[in-house]
Amino acid sequence: MSSKADIGEQAQAGRDFYRALVIRRQLILVALATALAFSLCVDLALGPARYGLGQVVEALLWPSQVDEQLRVILWEIRMPVALMALVVGASLSVAGMQMQTILNNPLASPFTLGISAGAGFGAALALAFGVVIFPFAVDYVVPVNAFLMAMLTSMAIYGLSLRRGVTSETIVLLGIALVFIFNALMSLIQFFASQQAVAAVVFWTMGSLTKATWPKLWISLSVLVIALPLLARRGWALTAMRLGDAKAESMGVRLRSLRLEVLLIVSLLASISVSFVGTIGFIGLVGPHIARMLLGEDQRFLLPGTALSGALILSIGSICSKMIIPGTVIPIGIVTAIVGIPFFLYLILNRRVATW
Amino acid sequence: MVSLQLQDLGAAYGGNQVLSGISTPPLTGGQLVALLGPNAAGKSTLFRRIFGLLPGSGTVHIDGTDSPNPIAYMPQDNGSRPVLSVYEAILLARMQGRRLKVLPEDHAEVERVLDVLDIGHLRSRNAGDLSGGQRQMIGAAQALVQNPRVLLMDEPTSALDLSRQIDMLTLLQRLAKEQELLIIVALHDIGYALRFADAAMVIDKGRMIACGPTAEVVTAEMVREVFEVEARIEPCSKGSPQLIVERRAAQPSDLRPGGML
Ligand SMILES: Nc1ncnc2c1ncn2[C@@H]1O[C@H](COP(=O)(O)OP(=O)(O)OP(=O)(O)O)[C@@H](O)[C@H]1O
Ligand SMILES: [Mg+2]
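Here we summarise the structure given alongside this text. (Residues numbered from 1 in each chain as written. Chains lettered and ligands numbered in written order. Predicted model: local features only at pLDDT ≥ 70, side-chain atom pairs only at ≥ 80, totals over all residues. Heavy atoms only, no water.)

## Some remarks on the sheet that holds strand S10 (residues 199-204) of chain B
All names here are of chain B.
Turning to step 1, where the next piece is worked out: With respect to topology, 6 strands assemble into an open sheet ordered S7-S8-S9-S5-S10-S11, the strand pairing being mixed. Because the sheet does not close on itself, it has two edges, and the strands there are strand S7 (71-74) and strand S11 (207-213). Neighbour-to-neighbour, the strand axes of this sheet turn through a mean angle of 15 degrees, independent of strand direction.
Turning to step 2, where the next piece is worked out: Running at roughly 170 degrees to S7, helix H4 (residues 132-144) makes contact with S7 and strand S8 (150-154) of the sheet. (Pairing = 2+ DSSP bridges. Helix = DSSP H or I, 4+ residues; strand = E, 2+ residues; numbered from the N terminus. Axes fitted to C-alpha atoms, helices over the stretch in contact; angles between N-to-C directions. Contact = heavy atoms within 4.5 Å.)

Spelled out as structure tokens, the structure:
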């Protein structure tokens, strides 16, 4: 037991330790946000017509003062695509992070749980046979189909998770089984479909931001903007889930209802994103792992950090997709995988702190 | 003062009824109660049932407190996830159900618990890298930091060394008295129950065998019946009762077909 003065000193030591931790994490968040802003400007500058960063910043801050052509290219052509990269990157990354959290499994992501594959199958049905689940606005036929199949997949996963004796490993296994099934079904569709349709399906599954428009951006952004505070509200409980079910329960976390709530939110996030841009599998796995390495498990920092790192990765991916072959925009799903996975492996193999 | 009463409590896993008819008189604050029973008797299950993690028949009455979460529960398994610093892991237990912002009093509470358990030096360590006993201390801290009125601790001393076992039970005894808490600890060491606990509950095969003041409940007959061990209970030189084990009572039941193993 210690004297009063000792206790005061110790309490100070504790607060100092914690404050240092918090400041370090805040700085990392600021650094990520700065990198993101920079990456966005570079992304906007690149394209068939190249602009200097100064011009881009000027056009962003005072759109009425720059010449008409620059304004149109930047604001109407490139901006929705560049912002879509950020929104989709953030959405998929956050969805993956929370799937990993609620399933206690580092392999969980929209891709490995079959949600992306489900979306792909839905899109393929629409592209190849014009099978439309809800016919309205032509521009949205493919995304709506993809979205519905993705949500259906999520609900199947959730339904399974309710069964007695189903562990998180079983759920990930089921997800991977679904990936194979959907892939087989897509091959079947391609086998019967016309050449043109096959090309469309293949292109869709590569994942591309070029289909982005302002309305699609607004839809994805509003889902993200609604989802983030809902998830943040559960920050302490979600952090506790990383200590294992028994520990989380003993802290009063209601596992079942929390899992359902979070799974619903992240399914929506993931489904909306993949249905607009196609399969970009890798973000939902890597974004969260990078954020965990940088920021630790406290969701008050991990949640924004995951969104930022996902957005940053996809934004850098978007830059690379224009730079690798000048004049050609390589589908971003391919680029993020080729550029990102070696980087990811490097991080995993060289990390100093274990995160799982 | 807080009081807890169990009425005809039951619990089942799937179709397997593991607890039934558990009733107690009102257990009031200010006491340390030992929960005794052989392996698989249902001690952990009873804690989970009281804490509300298991459905089942019967009722748990809590009176004399207006706290919305009067019970804290330290599970038997402390986990070993390498994910948070000790300080954060304890703060996390405190912040459940609260706002995202950590207030100065939350930090003060964490520091108080670190000090009371004498684990301040572990503050910045990764909670997953600790030894088994250190993890158990963190588990105790996570329960205490919630400022409960009723504290359920599942074998809080099972991984501790001799001096820390005594420190822990002495501390719990003192906290029960000073803060009028009701603390129920599952224990395997009947000697400690005799020495530290004001009251004892004995369960065996999911049923309540006895509940009352320690001296009345923990007797040579009870030890023979429930634990199948011949023992004497004698006052030591300082006067507190002690358990002296003589031998295994009957044929070890767990080696017979249909036994525990
Ligand atoms: N999750 C579970 N699913 C099914 N049966 C369980 C589960 N947990 C415990 N049981 C069963 O319930 C009975 C009581 O177990 P419990 O863990 O409550 O015993 P205990 O008294 O705490 O034992 P110990 O001293 O070994 O900790 C045992 O027969 C056990 O097999
Ligand atoms: Mg037990």
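Moving on from the model shown.
## Some thoughts on the packing of helix H5 (residues 141-162) of chain A against helix H6 (residues 168-192) of chain A
Residues and elements named next belong to chain A.
Turning to step 1, where the next piece is worked out: Running from N to C, H5 and H6 cross one another at 145 degrees; their axes reach a closest spacing of 10 Å. Where H5 crosses over H6, the two elements pack in a sense that is right-handed. Along its contact with H5, which presents Met149, Thr153, Ile157, Leu160 and Ser161, the element H6 presents Thr170, Ile171, Leu174, Gly175, Leu178 and Phe182. (Left-handed = near helix turned anticlockwise from the far one by under 90°.)

## Side note on the coordination of the magnesium ion (ligand 2)
All names here are of chain B.
Turning to step 1, where the next piece is worked out: The magnesium ion (ligand 2) binds to the protein through Ser44 (OG) and Gln76 (OE1); the donor distances cover 1.9 to 2.2 Å. Residue Ser44 is found in helix H1 (residues 43-51), and its partner Gln76 is found in the loop between S7 and helix H2 (86-95); the two are separated by 32 residues along the sequence.
Turning to step 2, where the next piece is worked out: Here Ser44 falls in the partly exposed class, since its relative accessible area comes to 22%. (Donors = N, O, S within 2.8 Å, 3.2 Å for Na, K, Ca; no water. Buried < 20%, exposed > 50% of the residue type's maximum accessible area, 1.4 Å probe, protein only.)

## A few points about the site of ligand 1
Residue and element names in this part refer to chain B.
Turning to step 1, where the next piece is worked out: Close to ligand 1 lie 13 residues; Ala40, Gly42, Lys43, Ser44 and Thr45 are nearest.
Turning to step 2, where the next piece is worked out: Within the contact set of ligand 1, an oxygen atom lies 3.0 Å away from a side-chain nitrogen or oxygen of Asn39.
Turning to step 3, where the next piece is worked out: Ala40 places a polar main-chain atom, nitrogen or oxygen, 2.9 Å from an oxygen atom of ligand 1.
Turning to step 4, where the next piece is worked out: Counting residues per element, the shell around ligand 1 draws most heavily on H1, at 3 residues.
Turning to step 5, where the next piece is worked out: Of the residues that constitute the shell around ligand 1, the class distribution is 5 nonpolar, 6 polar and 2 charged. (Near = heavy atom within 4 Å. Polar contact = N/O pair within 3.5 Å; in protein donor to acceptor, adjacent residues only side chain to side chain. Nonpolar A, V, L, I, M, F, W, Y, C, P; charged D, E, K, R; others polar.)

## Some points on the environment of A:Ala307
All names here are of chain A.
Turning to step 1, where the next piece is worked out: Turning to its location among the elements, Ala307 is positioned in helix H13 (residues 299-323).
Turning to step 2, where the next piece is worked out: Spatially, the C-alpha atom of Ala307 lies 8.3 Å from that of Pro288, the residues being 19 residues apart in sequence.
Turning to step 3, where the next piece is worked out: Dropping the residues within four chain positions of it, Ala307 is found in contact with Ala90 and Val94.

## What to know about the packing of H2(B) against helix H3 (residues 104-116) of chain B
Residue and element names in this part refer to chain B.
Turning to step 1, where the next piece is worked out: Closest axis-to-axis distance for the H2/H3 pair is 10 Å, and the angle between their directions is 120 degrees. Relative to H3, H2 is oriented oblique. Classified by chirality, the crossing of H3 by H2 is right-handed. Across from Val86, Tyr87, Ile90, Leu91, Arg94 and Met95 in H2, the residues of H3 making contact are Glu105, Asp106, His107, Glu109, Val110, Glu111 and Leu114.
Turning to step 2, where the next piece is worked out: The class makeup of the residues in the contact of H2 with H3 is 7 nonpolar, 1 polar and 5 charged. (Parallel < 35°, antiparallel > 145°, perpendicular 65-115°, else oblique.)

## Brief notes about the nonpolar core
Turning to step 1, where the next piece is worked out: In terms of nonpolar packing, the biggest core is built from 176 residues, with B:Leu36, B:Leu117 and B:Ile183 touching the most fellow members.
Turning to step 2, where the next piece is worked out: It is helix H3 (residues 68-103) of chain A that provides the largest number of residues to this core, a total of 19 residues.
Turning to step 3, where the next piece is worked out: Beyond its immediate sequence surroundings of up to four residues, B:Leu117 is in contact with B:Met137, B:Ala140, B:Ala141, B:Leu144, B:Met168 and B:Leu171.
Turning to step 4, where the next piece is worked out: Among the nonpolar cores identified, the runner-up in size contains 27 residues, and B:Val2, B:Ile22, B:Ala199 and B:Met208 belong to it. (Core = buried A, V, L, I, M, F, W, Y, C linked by side-chain atoms within 4.5 Å.)

## Focus on the pattern of salt bridges
Turning to step 1, where the next piece is worked out: Using the criterion set out here, one finds 23 salt bridges over all chains in the structure.
Turning to step 2, where the next piece is worked out: The salt bridge involving A:Glu261 is made with A:Arg234; its shortest N-O contact spans 2.9 Å. Taken together, the residues span a long stretch of sequence, with A:Glu261 in helix H11 (residues 255-277) and A:Arg234 in the loop between helix H8 (214-233) and helix H9 (235-241) at a distance of 27 residues.
Turning to step 3, where the next piece is worked out: A salt bridge links B:Arg94 to B:Asp106, with the shortest nitrogen-to-oxygen separation between them at 2.8 Å. Taken together, the residues span a long stretch of sequence, with B:Arg94 in helix H2 and B:Asp106 in helix H3 at a distance of 12 residues. (Salt bridge = Lys/Arg side-chain N within 4 Å of Asp/Glu carboxyl O.)

## Some thoughts on the environment of B:Phe227
Turning to step 1, where the next piece is worked out: Summarising the element assignment, B:Phe227 is placed in helix H8 (residues 220-227).
Turning to step 2, where the next piece is worked out: Separated by 17 residues in sequence, B:Phe227 and B:Ile244 have C-alpha atoms that sit 14 Å apart.

## Quick look at the interface of chain B and chain A
Turning to step 1, where the next piece is worked out: Taken together, the contact pairs 36 residues of chain B with 36 residues of chain A.
Turning to step 2, where the next piece is worked out: Taken together, the connections running from chain B to chain A amount to 2 salt bridges.
Turning to step 3, where the next piece is worked out: The salt bridge involving A:Arg25 is made with B:Glu88; its shortest N-O contact spans 2.9 Å.
Turning to step 4, where the next piece is worked out: At the surface where chain B touches chain A, the tally comes to 7 residue pairs in polar contact (both at pLDDT 80 or more).
Turning to step 5, where the next piece is worked out: Counting residues per element, the ones that place at least two in the side of chain B that touches chain A are H1, H2, H3 and H4 of chain B.
Turning to step 6, where the next piece is worked out: Among the elements that take part in the side of chain B that touches chain A, H2(B) stands out by supplying 7 residues, more than any other.
Turning to step 7, where the next piece is worked out: Partitioned by chemical class, the residues of the side of chain B that touches chain A number 18 nonpolar, 9 polar and 9 charged.

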